[in-house]
Each structure stands twice: as C-alpha cells, then as structure tokens.
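Residues per chain are reported as follows:
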Amino acid sequence: MSSVPLRPARPLGRVVLAVVAVLAAAGLSACSSQAATKLAGASDTNARDIVHELGTTKIGGRPARVVALEFSFVQTLDQLGVTPVGIADDDDAARIPQLLGKKIDYTSVGTRLEPNLELVSGLQPDLIIADSTRHATIYPQLGAIAPTIVLNSWEGSYQDIKDSALTIADALGDRAKGETAVAEHDRRMKEIAAKIPAGSDGRVLLAVATPDGMSLHTSSAFTGSVFKAIGLKPAVDATDTVESGVGLERLVAVDPDMLFVATDGPGTVYDEWRNNSAWAGISAVRSKAVYEVNRNAFSRFRGMHTAEVIAADVVRKLNGDR
C-alpha cells in the first residue's frame, strides 16, 4: 500500500478525510477505514484494538451513537445499556418491540440484507456493528463512515453470539459489563435446562416452513446449538447451519423425535404436508411431539435473551404446555 503524505498545517480532521478519500479511490477503502480510525484515535490513551471477523478496528472512548445491522447486535446493546441510533429492522418497526420486549427510539436504516448507507451516514455514528455474511462486501463503505466491527450473527452459533457480546462490550469500552451479562445469562440457561423432563433424550429439530419447502436447522445453527447447550440432541449434525428448500421426503428421512416448526403464519408447506400419509410416519408426529413456534424468536432474532426465550419455550412444550 502506498503511503499518503500528510501536510502538517492541515487540521487533523481534514487529514483523516483526505486519507480516506485517496485510499478509497485506489480501491483500498477497507484499509482506509482502519487508517482513518487510527488517526482519529491516535491521541486517545483509551483507544483499543478490537479484533473482529474482517480485521482489527481501533476505537477510542465510549461510543454512544451506534448503528446495528443485525437483530442480535440490537439485543446485546440493550443488555449493555446502549440504545442504537440506527437499526436495520427490515423496514418492520414491529420487530424491535418483539425483540426487546419494549419500544425504543431509533431510526430505521433499511433491511439487514441491504442497509441504506446514506441513512447510516446521516446518523453520524461513532460505531457500526455489521454481520460477516450479509455485510462483508460493504465493509469498506461502512468503515469509511465510522469505525466498524464485523461479527458472525446470521450464520453464527450460540457460542458465536456469546463471544460477540464480549466483543461488543470491548468496543463500547466496558468489557466488565459484557462479562457480567454473559455470566448472568449462563446462570439463567442452567436454571432453564434443569427443568427439561426426564426422557427427553430423543433427536430434536427446528424446521422453518415457507410456501415452498422447509429449512432444517442443524447442530451448527444458532437454535440447533441452543438445543445442545440445554442438553438436547439436534437431529441433523452438520457443519453447514441450514439445509434449505427441503422436501417432505428429506424430513421423513431425518425422522426427528421432537419437531419444532417455525412459520410466519398459515400458507406454508406445513399446512399441506400434515395431510400426507408420509407425514404421519415421522416419529415426532406419532408421539405427538410436533410444536408450532414463532419464526422471529426461533429463526430470525438470535441473541442471548433470545436463547433464553427459545430454551424456556422448549421446556414448556416438553412439559406439556403447548
């Protein structure tokens, strides 16, 4: 990478902008965001290097204007006492009260898949938290707006989500608060797991039903790894997180002993397959261990609190409260 000479007489803020502009023009804007961040935090004795999925970002002080581009980040920030100024809420304001159990004031920056960068920039954030799967290609642009950390949420396991909570706490300048949040969460999960009824040692599966098929969540998926964390055995053990577009034949072949079906409402293959004779042969169907669950909680949201919601709902259903 070629260096960019800085003129001592130019104010530091203008120098930072010049460096970013030149490097971005050279096609190295990812590096430019790091350079800008380092220059901006060079005089901050509290500046720290935050290691994330796409590199290292230097962050100074305690960021207060945070933009979160995935639901799990919103939930973690709430647990750490920070309300994001911007959220990629999929243009559905109802989802955030569902996620947090309360209303908060924030600005929507569009969808998680394609956040609106102009809206993000207009919020003048001092920290952006992005997802490694959805936002890797726009990391350079995000980094040019504000210091950005990239974490694994969309394809992250339960452990990834807990690790991300500590990284976010580091980025906010309060690692201790993050450690406390994780410890309290672990205690609550242990209490929930202790209520699983005896004999719940069969294979359990989350299937997300759509009008076209089902997606089977494996042991590596967030919900599948939550099942494992509370002592249940996922029916599909795989490194890939999801089997997408699955037909009834594949579901019959997996043959789970306990089946959780997540939908957004009627009109999915779940309604159709239940009238098929092959469906009746699935172990979970024969033992009346098929449970309908909320797709947001079981598939979209993630987060430590969401893990508790999933675990508690599973325990209730296994104890007979459908």
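Note: the structure precedes this text.
Along each chain, the written sequence defines residue order, and numbers are assigned to residues from 1. Only residues with pLDDT of 70 or above have their local features reported here, since the model is predicted, and side-chain atom pairs are shown and tallied only from 80 upward, although totals for entire chains, interfaces and linings are computed over all residues. Side-chain metrics rest on all non-hydrogen atoms present in the structure, leaving aside hydrogens and water.

## As for the side chain of His 217
Within the element layout of this structure, His 217 appears in strand E9 (residues 214–217). Relative accessibility decides the category of a residue: with a 1.4 Å probe and only protein chains considered, values under 20% of the type maximum give buried, values over 50% give exposed, and everything between is partly exposed. Residue classification places His 217 among the buried positions, given a relative accessible area of 9%. Residue contacts follow a heavy-atom distance rule, with two residues in contact if any of their heavy atoms lie within 4.5 Å. Residues contacting His 217, with those up to four places away along its chain left out, are Leu 205, Leu 206, Val 208, Thr 241, Val 242 and Ser 299. Helix and strand assignments follow DSSP, with helices taken as H or I runs no shorter than four residues and strands as E runs no shorter than two, numbered in order from the N terminus.

## Examining the sheet that holds strand E4 (residues 86–87)
Strands qualify as paired when DSSP identifies two bridges or more between them. Spatially, five strands are ordered E5-E4-E3-E6-E7 in an open sheet, and the strand pairing comes out parallel. Strands with a single pairing partner mark the edges of an open sheet, and in this sheet they are strand E5 (107–108) and strand E7 (148–151). Where strand E6 (residues 127–131) meets E7, four bridges bridge the pair, whose relative direction is parallel. Directly across from Asp 131, in E7, lies its bridge partner Leu 151. In this analysis an axis means a line fitted to C-alpha atoms, helices contributing only their contacting stretch, and an angle means the value between N-to-C directions, from 0 to 180 degrees. On top of the sheet, helix H7 (residues 158–172) reaches strand E3 (66–68), E6 and E7; it is set at about 175° to E7, its chief contact.

## Concerning the pairing of strand E12 (residues 258–263)
Of all the six residues making up E12, six are buried; the element is thus mostly covered by neighbouring parts of the structure. Across the two faces of E12 the burial is the same, with Met 258, Phe 260 and Ala 262 and Leu 259, Val 261 and Thr 263 all buried. By the bridge criterion, five bridges tie strand E8 (residues 203–209) to E12 in an arrangement that is parallel. Bridge assignment links Ala 207 to a residue of E12, and that residue is Val 261. Where E12 meets strand E13 (residues 290–294), five bridges bridge the pair, whose relative direction is parallel. Residue pairing for E13: Phe 260 is matched across the bridge by Tyr 291.

## Thoughts on the pattern of salt bridges
Here, a salt bridge means any Lys or Arg side-chain nitrogen found within 4 Å of an Asp or Glu carboxyl oxygen. All chains considered together, the criterion is met by 20 salt bridges. Taking the shortest distance from any N to any O, the salt bridge between Arg 295 and Asp 264 comes out at 3.1 Å. Linking Arg 295 in helix H13 (residues 295–300) with Asp 264 in the loop between E12 and helix H11 (269–273), this pair joins segments that are 31 residues apart in sequence. Judged by its relative accessible area of 53%, Asp 264 is exposed.

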